[in-house]
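Here are the chains, one letter per residue:
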Amino acid sequence: MRHLFLCVAILSACLGSITVSQAQEDFAPAMEAYREGRFGEALKLAKPLAEKGNVAAQLMLGSIYNNGEGVAPDTDEAARWLAKAADQGDAGAQYALGMMHEYGGVSKPRPEEARRLFTAAANQGHLAAQAELGMMYAAGRGGPQDLPEAASWFGKAAAKGNANGQYYLGTLYASGRGMPEDLGEAARLFTLAADQGHPMANFQLGLMLQDGIGVTKNPTAAITRFRTAAERGVSGAQTSLGFAYLGGDGVEKNDTLAAKWFAEAAMRGDALAQDRLARLYFLGQGVTRDLTAALLWQTLAEEGGVTDETLKNAMEPEITPEIRAKVAEEIRKLEAGAGAPAP
């Protein structure tokens, strides 16, 4: 997922940094070839320009080599061209190269270099870089931790509508880290980010709506937020949806849908969802009764830190040596990297 995000970031930097004058002059044929998917031709046309210092051509080469467009992917070569554009002060290149150093897109990533690059881009008003810089200050990555500084950068990005800035600033208000706790302001910021489709903001806002924290309690609205996040793969939201369907909280009770969402979260490693899915398989609730599946998910949940003695004791009399052997084999496959078990 991060690799895909980096590809998009670099491509966006490439296209967004080309000025009208550049496109009208020597670089125009390369840009036309690139947009039409004639990547080999685009590379041939752009490389001499890039070597002469054309920033747009350097950005294009960064995209081509990073994404493997017409060539074998080579992230270090991509980083080399992006560095040339970054050294000329291009904020998009600074951001894209910072992402590669922060998230391992180069063979020798350096968090301190990511912080330097994000700072350079952020100081030019690059919103995504401001949010990333805030995250580095919040986590103490690439330099000292500084929560007030993190809040400052999140605030700059949030004020201009950046969803990551809004979400992360909201988390600081919600936790009272780097600023006084303000749940109402956290909910407002989560709403702004969630309305832009931010998955984690939707999940956090759903939790607040579900319990009436910082906002008026609204279980039905919470379901909408959980579903948006769950469909984007947020395991916590999937588990929350499972519980909502299981108990009929804000939505019509539906054991089958409860099992579906618990399974989605369980396959992503959510131990609580694994435990609840094990219970449903043992009871035959929302799924066909299956003792092997019940023991498998109960075992995985326990390995993940969720102990359910009630379920374990209820299952014990019905678990045969054959079932235990089959589950043990499935666990061995998982540990060998075979992937999550099918629900």
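All values reported here derive from a predicted model rather than from experimental measurement. Note on numbering: residues in each chain are counted from 1, in written sequence order. Owing to the predicted nature of the model, reporting of local features is limited to residues with pLDDT of at least 70; listing and counting of side-chain atom pairs is limited to 80 or more, with chain, interface and lining totals taken over all residues. Just so you know, side-chain values use all the structure's heavy atoms and leave hydrogens and water out.

(A) Examining the overall build of the chain more closely. Counting from the N terminus, the helices are DSSP H or I runs at least four residues long and the strands are E runs at least two residues long. When you go through the chain residue by residue, the secondary structure sums to 20 helices and 0 strands. Over its C-alpha atoms, taken along the principal directions, the chain stretches across nearly 75 × 50 × 35 Å. Counting contacts in the chain only where the partners sit at least 6 residues apart, residues at least 24 apart contribute 49% of the total. Taken as a whole, the chain presents about 15700 Å² of accessible surface, with 51% of it coming from carbon and sulfur. Between two residues, a contact is recorded if the distance between any of their heavy atoms is within 4.5 Å. Each accessible area is a Shrake-Rupley estimate made with a 1.4 Å probe; only the visible protein chains count as cover when residues are assessed.

(B) Representation of helix α16 (residues 255-267) within the structure. The end-to-end C-alpha distance of α16, which contains 13 residues, comes to 18 Å, matching closely the 18 Å that a straight helix rising 1.5 Å per residue would cover. Summary of the burial criterion: residues with accessible area below 20% of their type's maximum are buried, those above 50% are exposed, and those between are partly exposed, where the area comes from a 1.4 Å probe applied to protein chains only. Among the residues making up α16, those that are buried are A258, A259, W261, F262, A263, A265 and A266. The elements touched by buried residues of α16 are α14 (219-230), α15 (235-247), α17 (271-283) and α18 (291-303). Here a polar contact is taken to be a pair of N or O atoms separated by no more than 3.5 Å, where protein atoms must pair a possible hydrogen donor with a possible acceptor and residues adjacent in sequence count only if both atoms sit in side chains. Two to three positions downstream of the cap, the backbone nitrogen of T256 sits 3.0 Å from a side-chain oxygen, assigning the N-cap of α16 to N254. With its phi angle positive at about 90°, G269 sits one or two positions after the end of α16. Each helix should span, by expectation, one fewer than its residue count multiplied by 1.5 Å.

(C) Quick look at the pattern of salt bridges. Any Lys or Arg side-chain nitrogen located within 4 Å of an Asp or Glu carboxyl oxygen qualifies as a salt bridge. Under the defined criterion, the tally for this structure stands at 17 salt bridges. Notably, a salt bridge pairs E185 with R188, separated by 2.7 Å at the nearest N-O pair. Here E185 and its partner R188 are both found in helix α12 (residues 183-194), 3 residues apart, which amounts to about one turn of the helix. In this structure, K253 engages D255 in a salt bridge whose closest nitrogen and oxygen atoms are separated by 3.3 Å. Judged by its relative accessible area of 22%, D255 falls in the partly exposed class.

(D) Molecular detail of helix α6 (residues 75-87). Taking 1.5 Å as the rise per residue, α6 with 13 residues should run 18 Å; its terminal C-alpha atoms sit 18 Å apart, in good agreement. Every buried residue belonging to α6 is among E77, A78, A79, W81, L82, A85 and A86, and all of these are buried. Of the residues flanking the end of α6, it is G89, one or two places downstream, whose phi is positive at about 90°.

(E) The packing of helix α11 (residues 163-175) against α12, seen in detail. Helix axes use the C-alpha atoms of the stretch in contact, all axes being lines fitted to C-alpha atoms, and the angles between their N-to-C directions lie in the range 0 to 180 degrees. It is at 8 Å that the axes of α11 and α12 come closest, and there the two elements cross at 160°. Classified by the interaxial angle, the pair formed by α11 and α12 is roughly antiparallel. Every pair of crossing elements has a handedness; the one defined by α11 and α12 is left-handed. Contacts from A163, Q166, Y167, L169, G170, T171, Y173 and A174 of α11 reach α12 at L183, E185, A186, L189, F190, L192 and A193. All amino acids are sorted into three groups, where Ala, Val, Leu, Ile, Met, Phe, Trp, Tyr, Cys and Pro are nonpolar, Asp, Glu, Lys and Arg are charged, and the leftover types, Gly among them, are polar. For the contact of α11 with α12, the per-class residue count stands at 11 nonpolar, 3 polar and 1 charged. Should an angle fall under 35 degrees it is called roughly parallel, over 145 degrees roughly antiparallel, and 65 to 115 degrees roughly perpendicular, with every other angle called oblique. Two helices crossing with the near one rotated counterclockwise from the far one by less than a right angle form a left-handed crossing, whereas a clockwise rotation gives a right-handed crossing.

(F) Spotlight on the packing of aromatic side chains. Each aromatic pair joins two rings of Phe, Tyr and Trp (for Trp, the six-membered one) with centres within 6.5 Å, and gets the label stacked for planes under 30 degrees apart, edge-to-face for over 60, and tilted for any other angle. Taken as a whole and judged by the stated rule, the model has 7 aromatic pairs. On the numbers, 5.6 Å between centres and 20° between planes, the contact of F154 with Y168 is stacked. With F154 in helix α10 (residues 147-159) and Y168 in helix α11, this residue pair connects regions lying 14 residues apart in the sequence. Residues Y167 and F190 carry aromatic rings whose centres are separated by 5.6 Å and whose planes lie at 35° to one another, so their mutual orientation is tilted. Separated by 23 residues along the polypeptide, Y167 in helix α11 and F190 in helix α12 bring together distant segments of the chain. The class for Y167 is buried, based on a relative accessible area of 8%. Look at F190 and you get buried, because its relative accessible area is 2%. Put simply, the rings of F154, Y167, Y168 and F190 touch in pairs and so form one group of aromatic residues. Directly above the ring of W81 sits K84, whose terminal nitrogen or CZ lies 5.8 Å from the centroid. Criterion for a charge above a ring: Lys NZ or Arg CZ within 6 Å of the ring centre, and within 35 degrees of the ring normal. For K156, the ring lying beneath its charged end belongs to W153, and the centroid distance is 4.9 Å.

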